[in-house]
Amino acid sequence: MSVLDNFDTWKDFLANRLDQAQSQGMSQQTISEVAYEVGDYLAKSVDAKNSEEAVLRELWNAASKEEQHAIANAMVSLVQNQK
């Protein structure tokens, strides 16, 4: 099973990567930029595996670059708040 198959698994995966980045001293700004790059890659290159990912892709594709950064930051906040 891929981490993209289940949205909760995907959020857990993101949370673990966020923990790793923070433990390695990565700044919040760098984490935000990486989240944006990952979001952009997923929207352009990976098929949505569930309805949540399909909604995120549609939002991402409809958004301006500034709004895409906000979406990426919201996903970071989502997984940070689950800890």
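Residues numbered from 1 in each chain as written. Predicted model: local features only at pLDDT ≥ 70, side-chain atom pairs only at ≥ 80, totals over all residues. Heavy atoms only, no water.

As annotated in an unreviewed UniProt entry, the chain carries the name DUF3243 domain-containing protein and is attributed to Ornithinibacillus halophilus.

A.B. asks: Would you mind going over the pattern of salt bridges in detail, with residue names and values included?
C.D. replies: Opposite charge on two side chains allows them to pair when their charged atoms are near. All told, the structure shown has two salt bridges when counted by the stated rule. When the shortest N-O distance is used, the salt bridge between K11 and D8 registers 3.5 Å. Taken together, the positions of K11 and D8, both in helix α1 (residues 7-23) and three residues apart, correspond to about one turn of that helix. Given a relative accessible area of 12%, K11 falls into the buried group. Across the salt bridge formed by D40 and K44, the nearest N and O atoms sit 3.0 Å from each other. Pair noted here: D40 and K44 are both in helix α2 (residues 28-45), with a separation of four residues, about one helical turn. By relative accessible area, which is 64% here, K44 ends up exposed. (Salt bridge = Lys/Arg side-chain N within 4 Å of Asp/Glu carboxyl O. Helix = DSSP H or I, 4+ residues; strand = E, 2+ residues; numbered from the N terminus. Buried < 20%, exposed > 50% of the residue type's maximum accessible area, 1.4 Å probe, protein only.)

A.B. asks: Lay out the packing of helix α3 (residues 51-62) against helix α4 (residues 65-81) with the relevant residues and their values.
C.D. replies: At their nearest, the axes of α3 and α4 sit 8 Å apart, and the two run at 150° to each other. The angle between α3 and α4 falls in the class roughly antiparallel. Of the two possible hands of crossing, α3 and α4 adopt the one that is right-handed. Of the residues in α4, those touching α3 at L56, L59, W60 and A62 are E67, Q68, I71, A72 and M75. (Axes fitted to C-alpha atoms, helices over the stretch in contact; angles between N-to-C directions. Parallel < 35°, antiparallel > 145°, perpendicular 65-115°, else oblique. Left-handed = near helix turned anticlockwise from the far one by under 90°. Contact = heavy atoms within 4.5 Å.)

A.B. asks: Please provide a residue-by-residue account of α4, values included.
C.D. replies: Compared with an ideal rise of 1.5 Å per residue, which puts 17 residues at 24 Å, α4 spans 24 Å between its outermost C-alpha atoms and is within 8% of the ideal. Here α4 has its buried residues at Q68, I71, A72, M75, V76 and V79. Along the axis of α4, the buried residues cluster in a sector spanning 140°; they form a single face. The exposed residues of α4 that point more than 90 degrees off its buried face are E66 and N81. Along its buried surface, α4 packs onto α1, α2 and α3. (Expected span 1.5 Å × (residues − 1). Arc of directions from axis to C-beta.)

A.B. asks: A description of the environment of S45 should follow, citing residues and the corresponding values.
C.D. replies: Mapping S45 onto the fold places it in helix α2. Assessed through its relative accessible area of 48%, S45 is described here as partly exposed.

A.B. asks: A description of the packing of aromatic side chains should follow, citing residues and the corresponding values.
C.D. replies: Enumeration according to the criterion identifies one aromatic pair in this entry. Look at Y36 and W60: their rings are 5.5 Å apart centre to centre, the planes differ by 35°, and that puts the pair in the tilted class. Taken as a pair, Y36 in helix α2 and W60 in helix α3 lie far apart in primary sequence, 24 residues in all. Side by side, Y36 and W60 carry an identical accessibility label, which is buried. (Phe/Tyr/Trp six-rings, centres within 6.5 Å; stacked < 30°, edge-to-face > 60°.)

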